[in-house]
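Single-letter residue listing:
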Amino acid sequence: MQETTANQVAASATSSFTEHLQRERPGLLPFGLRSAEHLPAAALTANAAVPLQVPHGTTIVALSYAGGVLMAGDRRATMGNVIASRHIEKVFPADQYSVLGIAGTAGIALDITRLFQVELEHYEKIEGTLLSLEGKANRLGAMIRGNLPMAMQGLAVVPLFAGFDRPAGVGRLFSYDVTGGRYEEQEHHTVGSGSVFARGALKKLWRPNLTEEEAVAVAVEALYDAADDDSATGGPDPIRRLWPVVYTVSRSGAFRVPDRELAAVAGRIIESRAIAQREA
Amino acid sequence: MTQQFYVSPEQLMKDRADFARKGIARGRSVVVISCRDGIALVAENPSPSLHKIGEIYDKIAFAAVGKYNEFESLRQAGVRYADVRGYSYDREDVTARGLASVYAQSLGAVFTAEQKPFEVELAVAEVGASPEEDHLYRLTFDGSIADEKGFIVMGGQADKVSESVGAGWRGELDFAAAIRLAQAGLVADKETTTLPASAVEVAVLDRGSESSRGTRRAFRRLEDADIVALLAEED
């Protein structure tokens, strides 16, 4: 049957920025079916014994508190045994009511973050309404799934997504695997190389109905413990005045915790550990 | 075989232009005003969901009159253009001038090449750091583009509305005064003296959205309650 004009119009109507790019400008996507071909032959034949030397982002923690969720990330990116960056930021606002943190290959992760931010804003402008939290979480999963060919070659990206579900009135947390599998997490979750140590800390520090201030302190302390045992995670740096990046998400929206507050929180943790005079 | 009548190119273009003009004049007016607080966009529109005013990008808004399906497809194309440009270059590289010129080219192409011209008139507004840096572009159905100062009135009885708005416009108006002025203009061609808040669609581009609301997205749609409150401020 001949394709009618109405069918064509309906088929090309999309509110998704990623779909639009796939059709019109596939070269702009950070991933895609053809991206494996674009990699040099050396990278394709490389095996796990010789990983590609690119910066990797490390630990992200997220936890719920009374009235919302919070996400925090350290400031280090590593390339093998070298510190690639001390200043990198790995937690970003996705839109007004959600944030995402990324671990894994930094270059691809930053591009996926940017694409995801535009994706949400694009939908909002085209449709005139915000995407539901589940919808946002599914879109992010699809993007991670799109990166699977790259992940198979060692360039994996693993995000953590947190947002405030306005109809339900609760903060929610989602984790992902490299195939784009989406899992809703309860209470708290961590990703990245230092995540095991951070999760251990959170199990002891987290409790229901934390206040926002307490939650910030718990997240910073969990990152401190991760940095203590994982060489790829950076701790608070009082010399360069570098503190973790922390975002809170509640009914009033996503806000970055100011450095001034984080300096005080990190200072208290370092002080209490010094006073205790114990092997951590 | 039937012989086609010869129609001179002048006549052909004139017929198309008259057709488009008639379609645009049938609708209701839209007013865009640049003022001290930013840019106010006011449209007479009884529908709360079929918008005539829309957000394109951080500092850029869109307003249109004419056929809904035609300007809605142009609005969506504008959002796509701006988002692709901002994603591939940088957010600050998206400008109203670039967008207006793309609109002018598409409208011009449709006017000459398609079966019928678009029966729409568009305004593209960009808010700057000061009123002198605001940009207002008017685009008509044939692809003509005009850089306007102060305010734009389009659609319906645009002459009457424009006269009324022009008489009261000053650069130092705040949003409340600018929206009141636009409202007064919109009833200039009618029997009544006021429009209910539900019959108008109002949005603004805030001049200092970074400092006042902590976001670079300057576009803000006003709810009916906001409009009533804003208009009641002075009385």
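Look a little higher up for the structure.
Note that residues are indexed from 1 along each chain, following the sequence as it is written. Naming scheme: in the order in which they are written, chains are lettered from A and ligands are numbered from 1. For this predicted model, a pLDDT threshold of at least 70 governs which residues receive local features, and a threshold of 80 or more governs which side-chain atom pairs are given and counted, while totals over whole chains, interfaces and linings are taken from all residues.

*Asks:* Can you help me understand the interface of chain A and chain B in this one?
*Replies:* By a widely used convention, the size of an interface equals the accessible area lost when the partners come together. Each residue gets a C-beta atom placed from its backbone, and two residues are in contact if those atoms lie within 7 Å. Counting residues at the interface gives 10 residues for chain A, matched by nine residues for chain B. Here a strand is any run of E in DSSP of at least two residues, a helix any run of H or I of at least four, and the numbering for each starts at the N terminus. Considering each element in turn, the side of chain A that touches chain B owes the most residues, five residues, to helix 5 (residues 106-127) of chain A.

*Asks:* Is there a simple way to explain the pairing of strand 9 (residues 200-206) of chain B in this structure?
*Replies:* Looking down a regular strand, the side chains alternate between one sheet face and the other. Residue and element names in this part refer to chain B. Counting other C-beta atoms within 10 Å of a residue's C-beta gives its exposure: the residue is buried at 20 or more, exposed at 12 or fewer, and partly exposed in between, where C-beta atoms are placed from the backbone. Burial of strand 9 is extensive: seven of the seven residues sit out of reach of the surface. Pairing of strand 2 (residues 38-44) with strand 9 involves seven bridges; the strand directions are antiparallel. Residue pairing across strands places Glu 44 opposite Val 200, the latter belonging to strand 9. Only when DSSP finds a minimum of two bridges between them are two strands counted as paired. Looking at chain direction, strand 9 and strand 10 (residues 219-222) are connected through four bridges and run antiparallel. Each bridged residue has a counterpart across the sheet, and for Leu 205 the counterpart in strand 10 is Phe 219.

*Asks:* Before we go on, may I ask you to explain the nonpolar core in this structure?
*Replies:* Counting 146 residues, the largest nonpolar core has A:Leu70, A:Ala219, B:Val32, B:Ala61 and B:Val124 as its most contacted members. Per-element tally for this core: the top contributor is helix 9 (residues 212-229) of chain A, with 11 residues. Every residue in contact with B:Val124, bar those within four places of it in the chain, is listed here: B:Ile60, B:Phe62, B:Ala96, B:Leu99, B:Ala100, B:Tyr103, B:Tyr137 and B:Leu139. Residues of type Ala, Val, Leu, Ile, Met, Phe, Trp, Tyr and Cys that are buried and joined through C-beta atoms within 7 Å form what is called a nonpolar core.

*Asks:* Help me understand the sheet that holds strand 6 (residues 135-139) of chain B, please; the structure alone is not making it clear to me.
*Replies:* By way of backbone hydrogen bonds, the strands of a sheet pair with one another, either parallel or antiparallel. Residues and elements named next belong to chain B. With antiparallel pairing, five strands are arranged side by side in an open sheet as 3-4-5-6-7. A strand with exactly one partner marks an edge of an open sheet, and here the two such strands are strand 3 (53-57) and strand 7 (145-148). Averaged over all pairs of adjacent strands, the angle between strand axes in this sheet comes to 25°, irrespective of strand direction. As judged from the four bridges shared by strand 3 and strand 4 (residues 60-66), these two strands associate in the antiparallel manner. Looking across to strand 4, one finds that Glu 55 is bridged to Ala 61. An axis is simply a line fitted to the C-alpha atoms; with a helix, the fit covers only the stretch in contact. Between two such axes, the angle follows the N-to-C directions and lies from 0 to 180 degrees.

*Asks:* Whenever I open this one, helix 9 of chain A confuses me. Can you help?
*Replies:* Counting along an α-helix, one turn takes 3.6 residues, and residues three or four places apart therefore face a common direction. Multiplying 1.5 Å by the residue count of a helix minus one yields the expected span of that helix. With 18 residues, helix 9 of chain A should cover 26 Å at 1.5 Å per step; its first-to-last C-alpha distance of 26 Å lies within 8% of that length. In terms of burial, helix 9 of chain A is largely enclosed, as 13 of its 18 residues are buried.

*Asks:* Sorry if this is basic, but what is going on with helix 8 (residues 195-205) of chain A here?
*Replies:* All names here are of chain A. Buried within helix 8 are the following residues: Ser 195, Phe 197, Ala 198, Ala 201 and Leu 202. Down the axis of helix 8, the smallest arc covering the buried residues is 160°, so these residues share one side. Opposite its buried face, helix 8 presents the exposed residues Lys 203 and Lys 204, each directed more than 90 degrees away. On its buried face, helix 8 sits against strand 2 (60-65), strand 11 (188-191) and helix 9. It is the directions from the helix axis to the C-beta atoms that the arc portrays.

*Asks:* What am I meant to see in unusual backbone geometry here?
*Replies:* All names here are of chain A. For Asn 209, which is not a glycine, the phi torsion comes out positive at approximately 60°. When you line up the elements, Asn 209 lands in the loop between helix 8 and helix 9. Overall, the presence of 10 C-beta atoms within 10 Å leaves Asn 209 in the exposed class. Positive phi values are uncommon outside glycine, yet Arg 241 reaches one of about 55°. Assignment of secondary structure puts Arg 241 in the loop between helix 9 and strand 12 (245-250). Exposure remark for Arg 241: the 9 C-beta atoms within 10 Å place this residue in the exposed category.

*Asks:* Mind showing me how you'd approach the packing of helix 2 (residues 68-88) of chain B against helix 3 (residues 96-113) of chain B here?
*Replies:* The relative placement of two packed helices comes down to the angle between their axes together with the axis-to-axis distance. Residues and elements named next belong to chain B. Relative orientation of the contacting elements helix 2 and helix 3 amounts to 135°, with a least axis distance of 11 Å. The angle between helix 2 and helix 3 falls in the class oblique. For helix 2 against helix 3, the interelement crossing comes out right-handed. Across from Leu 74, Gly 78, Tyr 81 and Ala 82 in helix 2, the residues of helix 3 making contact are Leu 99, Val 102 and Tyr 103. Each residue gets one label: Ala, Val, Leu, Ile, Met, Phe, Trp, Tyr, Cys and Pro are nonpolar, Asp, Glu, Lys and Arg are charged, and the others, such as Gly, are polar. Per-class residue counts for the contact of helix 2 with helix 3 are six nonpolar, one polar and no charged. Here the word oblique covers every angle except those under 35 degrees (roughly parallel), over 145 (roughly antiparallel) and from 65 to 115 (roughly perpendicular). In this scheme the handedness of a crossing depends on how the near helix is turned from the far one: anticlockwise by less than a right angle means left-handed, clockwise means right-handed.

*Asks:* Any chance you could explain the packing of helix 4 (residues 158-168) of chain B against helix 5 (residues 175-186) of chain B here in plain terms?
*Replies:* All names here are of chain B. Running from amino to carboxyl end, helix 4 crosses helix 5 at an angle of 150°, the nearest separation of the two axes being 8 Å. By the angle between their axes, helix 4 is roughly antiparallel relative to helix 5. Helix 5 is crossed by helix 4, and the crossing has right-handed handedness. Taken together, the residues of helix 5 that come into contact with helix 4 (itself represented by Val 161, Ser 164, Val 165 and Gly 168) are Leu 181, Ala 182, Ala 184, Gly 185 and Leu 186. Its residues assigned to classes, the contact of helix 4 with helix 5 shows six nonpolar, three polar and no charged.

Everything listed is a geometric property; what it means functionally is a separate question.
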